[in-house]
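The lines below spell out each chain.
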Amino acid sequence: MNARHLLILLTLPLISGCFSFGFKKPEPIEIKTKAEERVRLNLAEPAPLTGRELKWVLITRENADKVFKELEEKGVDVVLFGLTDQGYEQLALTMAELRNYIATQRSIIIKYKEYYEPKKPEANLTK
Amino acid sequence: MGIGTIVKSIVALIFLAVIAGGIYYISNMQASLAVLEMNNKQLEDGIKKQQELIEQQKADIQDVQKKNGELAQQNDKQRKDVENLSSKFHKKDIGQLATEKPELMERLVNRGTENALRCLELASGAPLNEKEKNAKTPTEANRECPALINPSYSSSN
């Protein structure tokens, strides 16, 4: 064996990848995930409206005396708050739009609640 | 001890060192492989969780679209209710009718008001009563807000 053979033997570990001085062992990775559910808002729904009884009285030139006489007989103040037919129409349409607005807002709230706070079968903690 | 013996000893030592290094390397590699396998599994789990999250997001998007659609449909029906009321006023001159038949008009107006107040109750979340639940037509239930009485009704009926 001469110096050439010795050189080959010495370089062998280098080319075979066995020269592992300074070789860094891979560190095990750790993935931590933690999902925390937000505290539910649980706002109580407001009680639905209860409509109060409301009666309209129609007055024309012909029946005005009769209507006021009936008011006197009932013992209520002899006064009426009036609207023209156009005013009545405007009031009716405004009420309808107001009603739709309330219904839409309520639907939006319900849908938000359904989306962000879906019902869970075991979530019924209140007895 | 000749030079040949020294060289042979050195070569033998080198061989031993190479073999020892090889054993060390292989054992080290096996440990690394185990760690890498574990890492790989962790990454696969991470990918799986990401995929689940993507699926959940897709379902959420569909849910949002569905809810938006439902809301738009409800708005459309409610808008038609108002349009129907407006067209009723345009079809008849209620002022003239009231002048000619005040008692009839008074009854109609009071009935309409009663219905409208009931509609407000329903809009604010009041439950349907039996009559409204069992109603087969909008007229039976409430002329003013069929969309609120039964969402399956169409105001154009």
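Numbers given for residues are sequential positions, taken from 1 along each chain in its written order. Chain labels run from A onward and ligand labels from 1 onward, assigned in the order the entries are written. Per-residue local features are limited, in this predicted model, to residues with pLDDT of at least 70; the limit for side-chain atom pairs, both in listing and counting, is 80 or more; totals at the level of whole chains, interfaces and linings are taken over all residues.

**Student:** Tell me what's going on with the overall build of chain A, and back it up with residues and numbers.
**Tutor:** Here a strand is any run of E in DSSP of at least two residues, a helix any run of H or I of at least four, and the numbering for each starts at the N terminus. Within chain A, the secondary structure is distributed over 3 helices and 0 strands. What you see in chain A, going N to C, is helices and strands ordered as α-α-α. Exposure in this text rests on C-beta crowding, where 20 or more other C-beta atoms within 10 Å of a residue's own make it buried, 12 or fewer make it exposed, and counts in between make it partly exposed. The C-beta atoms are placed from the backbone. Taking all 127 residues of chain A together, 6% fall into the buried category.

**Student:** Pulling in residues and values, what's your account of the interface of chain B and chain A?
**Tutor:** In many reports, interface size means the accessible area that the parts give up when they come together. We call two residues in contact whenever the C-beta atoms placed from their backbones are within 7 Å. Between chain B and chain A, the residue contacts involve 49 residues of the former and 40 residues of the latter. Of all elements in the fold, only α1 (3-91), α2 (94-100) and α3 (102-123) of chain B reach the threshold of two or more residues within the side of chain B that touches chain A. Residues were grouped as follows: Ala, Val, Leu, Ile, Met, Phe, Trp, Tyr, Cys and Pro as nonpolar; Asp, Glu, Lys and Arg as charged; and all remaining residues, including Gly, as polar. A class-by-class count of the residues in the side of chain B that touches chain A yields 26 nonpolar, 17 polar and 6 charged.

**Student:** Summarise unusual backbone geometry; cite the residues concerned and give the values.
**Tutor:** Residue and element names in this part refer to chain A. Positive phi is not limited to glycine here, since N42 has a value of about 50°. Along the chain, N42 turns up in the loop between α1 (3-16) and α2 (64-74). Among the residues examined, N42 registers 8 C-beta atoms within 10 Å and is labelled exposed.

**Student:** Hey, could you go over α1 of chain B for me, with residue numbers and the actual values?
**Tutor:** An expected span of 1.5 Å times one less than the residue number is assigned to each helix. In a regular helix each residue adds 1.5 Å, so 89 residues correspond to 132 Å; α1 of chain B covers 127 Å between its end C-alpha atoms and thus fits that length. Of all 89 residues in α1 of chain B, 5 are buried, a share of ten percent or less. All buried positions along α1 of chain B are accounted for by K77, Q78, D81, V82 and L85 of chain B. Tucked into the core, α1 of chain B has its buried residues touching α3 (85-116) of chain A together with α6 (146-149) of chain B.

No statement about biological role is implied by the geometric values presented.
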